[in-house]
Amino acid sequence: MDAIQALMTRRSYPRGSLIQPAPNRAEVEQILQAAMTVPDHGNIKPWRFVVIQGQGMKDLEGVLRAMYDGQVEDEVYFNRFIQEIINTPMMICVYSVLNMEHKVSVLDQQLAGGAACEHILLAAHAMGFGGIWHSQETTEALRVMLKMGNEDHILGVMSLGTPKRTSLAKRKSFADYTFEWDQESGLQPWQ
């Protein structure tokens with residue numbers, strides 16, 4: 001698949017629609033190497049990747065139950081949520097490792113990490129896998145589990161696997177969200 005085709009056909013697949021196989025070790029390494037190619041002002045690599053699969057997915061159940069202990073209002077929904085997560089073939093958690101003293105702004109560092117998340121999804125898609133990017137609150141339990149610093153935050157959790165069924169996403173036109181600007185005309189809709 002060429003780069004433009006990968007960009008134009010990538011879509012998100014809900015966790016529940018992802019089945020085995022997940023990317024194998026060599027494919028994960030290629031996916032993560034692709035994530036390392038994102039623009040990174042200062043070349044500081046302000047992210048870390050944590051691959052969770054196999055037994056790690058099963059172990060996640062206990063961690064999640066402990067994380068949300070006493071906060072669950074709908075036990076049935078919560079149990080479905082837990083099952084959906086632990087049945088996911090693979091997850092790659094990306095978290096920021098911010099250098100607060102670096103000349104590169106914190107925002108630039110976070111955006112570079114976000115770009116790494118997107119490269120993971122694009123590389124997986126180009127290899128025939130599906131995925132979805134979920135946000136996750138950075139809780140103290142996760143900080144301890146992932147050995148994160150106080151300034152570090154989870155940028156995203158990419159769930160990966162093989163889609164049960166593939167389909168093309170319906171896309172809106174960029175033109176509805178794009179403007180042109182010059183001093184004489186000011187801001188004008190893209191035409």
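Quick note: structure is the one above.
Residues numbered from 1 in each chain as written. Predicted model: local features only at pLDDT ≥ 70, side-chain atom pairs only at ≥ 80, totals over all residues. Heavy atoms only, no water.

Caption draft 1: A look at the packing of aromatic side chains. Inspection of the entire model under this criterion finds four aromatic pairs. Note on Y68 and F78: the rings are 5.9 Å apart at their centroids and 70° apart in plane angle, and the pair reads as edge-to-face. Here Y68, found in the loop between α3 (55–67) and α4 (75–86), pairs with F78, found in helix α4; they are ten residues apart in sequence, far enough to count as distant. Owing to a relative accessible area of 21%, Y68 belongs among the partly exposed residues under this scheme. (Phe/Tyr/Trp six-rings, centres within 6.5 Å; stacked < 30°, edge-to-face > 60°. Helix = DSSP H or I, 4+ residues; strand = E, 2+ residues; numbered from the N terminus. Buried < 20%, exposed > 50% of the residue type's maximum accessible area, 1.4 Å probe, protein only.)

Caption draft 2: View of the nonpolar core. With 21 residues, the main nonpolar core has W47, M90, I92, V94, I120, M158 and L160 as its most contacted residues. Of all elements in the fold, only α2 (25–35), β3 (90–96), α5 (106–126) and β5 (154–163) reach the threshold of two or more residues within this core. Filtering out sequence-adjacent residues up to four positions away, I120 remains in contact with I31, L32, A35, F49, I92, V94, M158 and L160. (Core = buried A, V, L, I, M, F, W, Y, C linked by side-chain atoms within 4.5 Å. Contact = heavy atoms within 4.5 Å.)

Caption draft 3: Structural detail: the environment of I82. By secondary structure assignment, the location of I82 is in helix α4. On the basis of relative accessibility, which here comes to 0%, the residue I82 falls in the buried class. Linking I82 and K58, residues 24 residues apart in sequence, is a C-alpha distance of 10.0 Å. With sequence-adjacent residues up to four places away left out, I82 is seen in contact with E61, L64 and R65.

Caption draft 4: Focus on the packing of α3 against α4. At a minimum axis distance of 9 Å, the contact between α3 and α4 shows a crossing angle of 150°. It follows that α3 is roughly antiparallel to α4 by the angle criterion. The two elements α3 and α4 meet at a crossing, and its hand is right-handed. Contacts between α3 and α4 pair M57, L60, E61, L64 and R65 from the former with E75, F78, N79, I82, I85 and I86 from the latter. For the contact of α3 with α4, a count of residues per class yields seven nonpolar, one polar and three charged. (Axes fitted to C-alpha atoms, helices over the stretch in contact; angles between N-to-C directions. Parallel < 35°, antiparallel > 145°, perpendicular 65-115°, else oblique. Left-handed = near helix turned anticlockwise from the far one by under 90°. Nonpolar A, V, L, I, M, F, W, Y, C, P; charged D, E, K, R; others polar.)

Caption draft 5: Quick peek at α2. Inspection of α2 places V28, I31, L32 and A35 among the buried residues, and these make up the whole buried set. In an axial view of α2, the angular spread of the buried residues amounts to 95°, which keeps them on one side of the axis. α2 presents A26, Q30 and Q33 as exposed residues on the side facing more than 90 degrees away from its buried surface. Its buried side turned inward, α2 meets β2 (47–53), β3 and α5. Its side-chain oxygen at 3.1 Å from the backbone nitrogen of A26, N24 defines the N-terminal cap of α2. (Arc of directions from axis to C-beta. Polar contact = N/O pair within 3.5 Å; in protein donor to acceptor, adjacent residues only side chain to side chain.)

Caption draft 6: Examining the pattern of salt bridges more closely. Enumeration over the complete set of coordinates arrives at five salt bridges. Note that R15 is salt-bridged to E84, the shortest N-O span being 3.2 Å. A residue pair is termed long-range when its members are at least 10 positions apart, and R15 in the loop between α1 (3–9) and β1 (18–19) and E84 in helix α4 qualify at 69 residues. When its relative accessible area of 9% is taken as the criterion, R15 is described as buried. Two residues, E29 and R25, come together in a salt bridge whose shortest N-O distance is 3.6 Å. Here R25 and E29 lie together in helix α2, a separation of four residues that amounts to about one turn. For R25, a relative accessible area of 67% puts it in the exposed group. (Salt bridge = Lys/Arg side-chain N within 4 Å of Asp/Glu carboxyl O.)

Nothing here speaks to function; it is all geometry.
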